[in-house]
Amino acid sequence: MSFLNKLASEIHTPSHISTTPMEKFGFASKLPSFGKITHSQATPPPLDTSDIDKRPRTLVVFNCPNNTYALANVVAVNPNDFPDNIYISIDNLFVYTTKCSNEIQPGTIGLNGNQRTWGGWSLNQAIEGKAFDLFQYSHGKPSYLGVLDIEISFRSRGKAVPTPFDQDELAKHFANCFESQIFSPTQYLIMEYKGHIFDLKIRSLQNVDLGDVAISSPVSTGIEAKGILIKQTQINFYKGRDGLVNLKSSGNSLRPRSDAVIRPDFKFEDLGVGGLDKEFTQIFRRAFASRIFPPEVINKLGITHVKGLLLYGPPGTGKTLIARKIGKMLNAKEPKIVNGPEILSKYVGSSEENIRNLFKDAEQEYKAKGDESSLHIIIFDELDSIFKQRGSRGDGTGVGDNVVNQLLAKMDGVDQLNNILVIGMTNRKDLIDSALLRPGRFEVQVEIKLPDEQGRYQIFEIQTKKMRENNMMDKDVDLHELAALTKNFSGAEIEGLVKSASSFAINKTINIGKGNTKLNPKDIANLKVNRKDFMNALSEVTPAFGVSEEDLKTCMEGGIIRYSPKVEELLKNGARYVRQVQNSDKSRLISLLFHGPAGSGKTALSAAIALNSQFPFIRMISADEITGMSEAAKITFIDNSFRDAYKSPLNILVIDSIETLVDWVPIGPRFSNNILQVLKVYLKRKPPKDRRLLIISTTSTYSVLKQMDILSCFDNEIAVPNITNMEELNNIMQQTEFLDEENRVKVINQLANIVPQLNIGIKKVLTNIETAKHDEDPVNELVDLMTNFST
């Protein structure tokens, strides 16, 4: 507010205003010689209202007597109703300065067309008016305008001219015409300047305490805010919606841009996109902040605006939703939204022409207005589908490469534009041509991640807003609980969860298949979505990037049998590595290899460690999922699995039977070197900075991995042994509730005489026990099965 410390400059009376009839403006046709209404006071109020009757009185709306009143933004009153030059409020909301006129009959009030538009009044309508005291209304808060933001448009589009209007001169003229008047956001008024008639709309204001300019009120955009215009008020003009008024700033002006990109009343929550506060802040800082700053400051910095913004991340996180909502946060040209494939055409050169047409409007305006041009936004959805790495298509036509080249030239070519912002969305940033990702093109790259717990809570609030407002959600539903239970859910998946819960609630009122599907009005009136509905929905809707719980539990059906201290030690070691990945600043990636004989329980232990971690992302890669795939398809599957494992803050990837993944067989072609090299790279590649990954691999052919030279890719190797003594076998029988103690002793004694030293995997033992349970003589059957396997 340093501008308030400056002395107000001398303001001169404007030149004579044209007396062209203005009936089409909604004003009176009578036009005497023009005389501007002036106020001699340095600061308002215009007149002491302490002795004036402040009781409301009913007035009938008439037109203002002539254009003098219209251009002065005052209301015409009869001297018997109100004194000259005081503030009055109309309908307790709209405040104007009075000007007495004998042409106005007692009990009436003269309002011009803009005033009637703002108040929503019609001619001959009865309204309520009374004397107004702003200082009493403000209750001691600042009442003088520190900053006033105004939108300016030509009154008639047909009389618009390209002549640039200096903002400083406009501000002086405005202050000279309307000093001491009270203004409110959303207010409409009319102003003449150098023979041109302008419509003005108050966009926002900020009041200031003249005693201490450091103390000021926040920026207000609501009609209830009011402030008195003084000479020291900083008046900022912005282009109206038509954008036809060409505004310019003086060489050393520090005024904000006349076509500010962000609407002053914009709030992030208005977008209805939850969990993306940090991302929106980054987008604003990188892509829009420089466009709000005064152009002179940006010129002094010697920088150009950002031209490209890339939003990337998993499906369903809100990238396209941001594109659909972005027009609400911008005071710019209507964004052009293009789905990638729509650009391509079967005709030669048409695809490139489609790209050029997207930039045509921006080029024409930039040639005419330069840096004062409005911002033009072009949004590409599914960017990777059209702007792939050049040379990667292999279709022989070269169309895809030409389209990429055309976009490169338009974004940062010889004829550079400074009035464009190209926004691209993609799920696969790695597929986009690298030249598009350098500074000057899509230089701002923002990852739209899966929401954290607080973000999920925000999304639940948004998705259940109507449900809660209309009392359709039961009080037992806790959104914080739901946010905690929906780890790795995307915004789209949370929306699906809410729909699923609603369907469960609706289904309770319908008797489908029971011969009576008629709805009961009483049931409909009592319909509410409760906690049980959401719990049912959680079993139905699962996240794409969550825990493969079913696969992992299949690997450990029956749970973990703690038959030996060795098992406890293995689980304890695994939990330690989980804590290390979770908490250590130096261990974003840890790779473990569980090796041992086939059936020794390596996969089950790996699955148990993964599930006990409670990490939001746990995935298993096994031979079952890639059987029948080509080598290229297997590499793509492994690549996608690791990319998915980078999308959550904490991730575990279980690679089961790694030798099978590389197609190793003891005869014939030994293994796939291409798959092996991919695994080697990913076992060593650290995840992004804020992500952590624990890889647990299993193998039954340790010596083979040693020959493949892949053991060096693991941080630690953990041996998982077979069952080697009778005590361990007895513990297994006991924990699986096989036989009573007497018969278990018989099994142990008989086996000890036949097989003095056991060496059998836990998987085979459990299979033999389950088989023996169904035999008429389970003791001897188990002894026979164990003996046959051991021999």
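Residues numbered from 1 in each chain as written. Predicted model: local features only at pLDDT ≥ 70, side-chain atom pairs only at ≥ 80, totals over all residues. Heavy atoms only, no water.

Student: Explain the overall build of the protein to me, please; I cannot follow it from the model alone.
Tutor: The helix and strand tally for the protein stands at 27 helices and 24 strands. Here the protein, with 791 residues, has 50% of them falling under the buried criterion. By sequence separation, contacts in the protein at least 24 residues apart represent 78% of the contacts at least 6 residues apart. In the form shown here, the protein has an accessible surface area of approximately 37400 Å², with 49% of it arising from carbon and sulfur atoms. (Helix = DSSP H or I, 4+ residues; strand = E, 2+ residues; numbered from the N terminus. Buried < 20%, exposed > 50% of the residue type's maximum accessible area, 1.4 Å probe, protein only. Contact = heavy atoms within 4.5 Å. Areas by Shrake-Rupley, 256 points an atom, 1.4 Å probe, with all protein chains shown as cover.)

Student: What's the story with the pattern of salt bridges in this structure? I'm lost.
Tutor: Opposite charge on two side chains allows them to pair when their charged atoms are near. Under the definition given, this model contains 21 salt bridges. Between Asp84 and Lys99 there is a salt bridge, with the nearest N and O atoms lying 3.5 Å from each other. Within this pair, whereas Asp84 is found in the loop between strand E2 (75–77) and strand E3 (87–90), its partner Lys99 is found in strand E4 (residues 94–100), the two being separated by 15 residues in sequence. Look at Asp84 and you get partly exposed, because its relative accessible area is 34%. (Salt bridge = Lys/Arg side-chain N within 4 Å of Asp/Glu carboxyl O.)

Student: Where do I start with the pairing of strand E10 (residues 188–193) in this structure?
Tutor: Two faces belong to every sheet, and in a regular strand the side chains alternate between them. In terms of residue burial, E10 counts as a mostly covered element, since five of its six residues are buried. Sheet analysis places E10 next to strand E11 (residues 196–208), joined by six bridges and oriented antiparallel. Looking across to E11, one finds that Tyr188 is bridged to Lys201. (Pairing = 2+ DSSP bridges.)

Student: In this structure, what is going on with the sheet that holds strand E15 (residues 308–312)? I would like to understand it.
Tutor: Within a sheet, adjacent strands bond to each other through the backbone by hydrogen bonds, running parallel or antiparallel. The strand order across the open sheet formed by five strands is E16-E17-E18-E15-E19, and the pairing between neighbours is parallel. Looking at the sheet topology across the chains shown, the edges are occupied by strand E16 (336–339) and strand E19 (444–447). The sheet shows a mean angle of 15° between the axes of neighbouring strands, taken without regard to direction. Here helix H5 (residues 277–292) sits on the sheet in contact with E15, strand E18 (420–426) and E19, set at roughly 160° to E19. On the sheet, helix H8 (residues 350–369) packs against E16, strand E17 (376–381) and E18 and is oriented at approximately 165° with respect to E17. (Axes fitted to C-alpha atoms, helices over the stretch in contact; angles between N-to-C directions.)

Student: It is not clear to me how the sheet that holds strand E20 (residues 589–595) should be interpreted in this structure. Could you clarify?
Tutor: Strand order in this open sheet of five strands is E21-E22-E23-E20-E24, and the pairing throughout is parallel. The open sheet has two edge strands with one neighbour each: strand E21 (617–621) and strand E24 (716–719). Taken over all neighbouring pairs, the strand axes of this sheet differ in orientation by 20° on average, direction set aside. Pairing geometry for E20 and E24, over four bridges, is parallel.

Student: Whenever I open this one, a negative patch on the surface confuses me. Can you help?
Tutor: On the surface, a cluster of negative charge is contributed by Glu550, Asp551, Asp624 and Glu625. When you line up the elements, Glu550 lands in helix H16 (residues 549–554). Owing to a relative accessible area of 66%, Glu550 belongs among the exposed residues under this scheme. (Patch = residues over 30% accessible without salt bridge, like charges linked within 9 Å, V, L, I, M, F, W, Y side chains within 5 Å. Lys, Arg positive; Asp, Glu negative; His and termini not counted. Charge placed at Lys NZ, Arg CZ, Asp CG, Glu CD.)

Student: Just checking my understanding: could you explain the layout of surface pockets for this structure?
Tutor: Space left empty within the atom packing is revealed by a probe, the size of a water molecule, rolled over the atoms. Reported here for the second largest pocket is a volume of approximately 840 Å³. What lines the second largest pocket is a set of 35 residues, and nearest its centre among them are Cys555, Gly601, Ala604, Ile762 and Lys763. Looking at the lining of the second largest pocket, the elements with two or more residues in it are helix H17 (565–583), helix H18 (602–613), strand E23 (692–699) and helix H26 (762–773). Ranked by residues supplied to the lining of the second largest pocket, first place goes to H26 with six residues. For the lining of the second largest pocket, a count of residues per class yields 15 nonpolar, twelve polar and eight charged. Two domains share the lining of the second largest pocket, each providing at least three of its residues, namely domain 5 (549–719) and domain 6 (726–788). (1 Å grid on protein atoms, 1.4 Å probe; cavity = no way out; pocket = protein on both sides within 12 Å on 5 of 7 lines; lining within 4 Å. Points joined across faces, edges and corners; volume = space filled by probe spheres on them. Nonpolar A, V, L, I, M, F, W, Y, C, P; charged D, E, K, R; others polar. Domains from an automatic or database assignment.)

Student: How should I be thinking about the side chain of Lys647 in this particular structure?
Tutor: Residue position: Lys647 is located in the loop between helix H20 (631–644) and strand E22 (650–655). Looking at Lys647, the relative accessible area reads 16%, which means it is buried. If sequence neighbours within four positions are ignored, Lys647 has contacts with Pro314, Leu450, Phe545 and Arg691.

Student: Teacher, can you tell me more about the packing of helix H13 (residues 491–507) against helix H15 (residues 531–540) here?
Tutor: For any two helices packed against each other, the geometry comes down to the angle between their axes and how far apart the axes lie. Remark: H13 packs on H15, axes separated minimally by 8 Å, with the N-to-C direction vectors making an angle of 125°. In this view, H13 runs oblique relative to H15, as classed from their interaxial angle. Note on packing geometry: the crossing formed by H13 with H15 is right-handed. From H13, Leu497, Val498, Ser500, Ala501, Phe504 and Ala505 reach across to H15, where they touch Asp533, Phe534, Asn536, Ala537, Leu538 and Glu540. Its residues placed into classes, the contact of H13 with H15 shows eight nonpolar, two polar and two charged. (Parallel < 35°, antiparallel > 145°, perpendicular 65-115°, else oblique. Left-handed = near helix turned anticlockwise from the far one by under 90°.)

Student: For this particular structure, what's the right way to read the confidence of the model for the protein?
Tutor: Close inspection of predicted coordinates is inappropriate for parts of the model with low pLDDT. Summarising the model, the protein shows a mean pLDDT of 82, and 85% of its residues fall at 70 or more. Per-element mean pLDDT across the protein ranges from 71 in helix H7 (residues 319–329) up to 96 in strand E9 (residues 182–183). Note that residues 1–45 has pLDDT below 50 and, in this model, 99 contacts with residues that lie over four places away or in other chains. (pLDDT = per-residue confidence, 0-100.)

Student: How should the packing of aromatic side chains be read in this particular structure?
Tutor: Ring pairs (aromatic) are described by centroid distance and by the angle formed between their planes. Scanning the entire structure with this criterion turns up 15 aromatic pairs. For the pair Phe154 and Phe165, a centre-to-centre distance of 6.3 Å together with 65° between the ring planes defines the contact as edge-to-face. One end of the pair, Phe154, is in strand E7 (residues 144–154); the other, Phe165, is in strand E8 (residues 165–166), with eleven residues separating them in the sequence. Since its relative accessible area comes to 5%, Phe154 is described here as buried. (Phe/Tyr/Trp six-rings, centres within 6.5 Å; stacked < 30°, edge-to-face > 60°.)

Student: Help me understand the packing of helix H24 (residues 726–735) against H26, please; the structure alone is not making it clear to me.
Tutor: In contact at an axis separation of 11 Å, H24 and H26 are set at 50° when each is read in the N-to-C sense. When the axis of H24 is compared with that of H26, the two are oblique. Where H24 crosses over H26, the handedness of that crossing is right-handed. Mapping the contact onto sequence places Leu729, Ile732 and Met733 in H24 and Ile762, Val765, Leu766 and Ile769 in H26. By residue class, the composition of the contact of H24 with H26 is seven nonpolar, no polar and no charged.

Student: Can you help me understand the pairing of E19 in this one?
Tutor: Side chains Val444 and Val446 of E19 all project onto a buried face; the interleaved residues Gln445 and Glu447 project onto a face where none is buried. Pairing of E15 with E19, which is carried by four bridges, proceeds in the parallel orientation. Of the residues in E19, the one forming a bridge with Leu311 is Val446.

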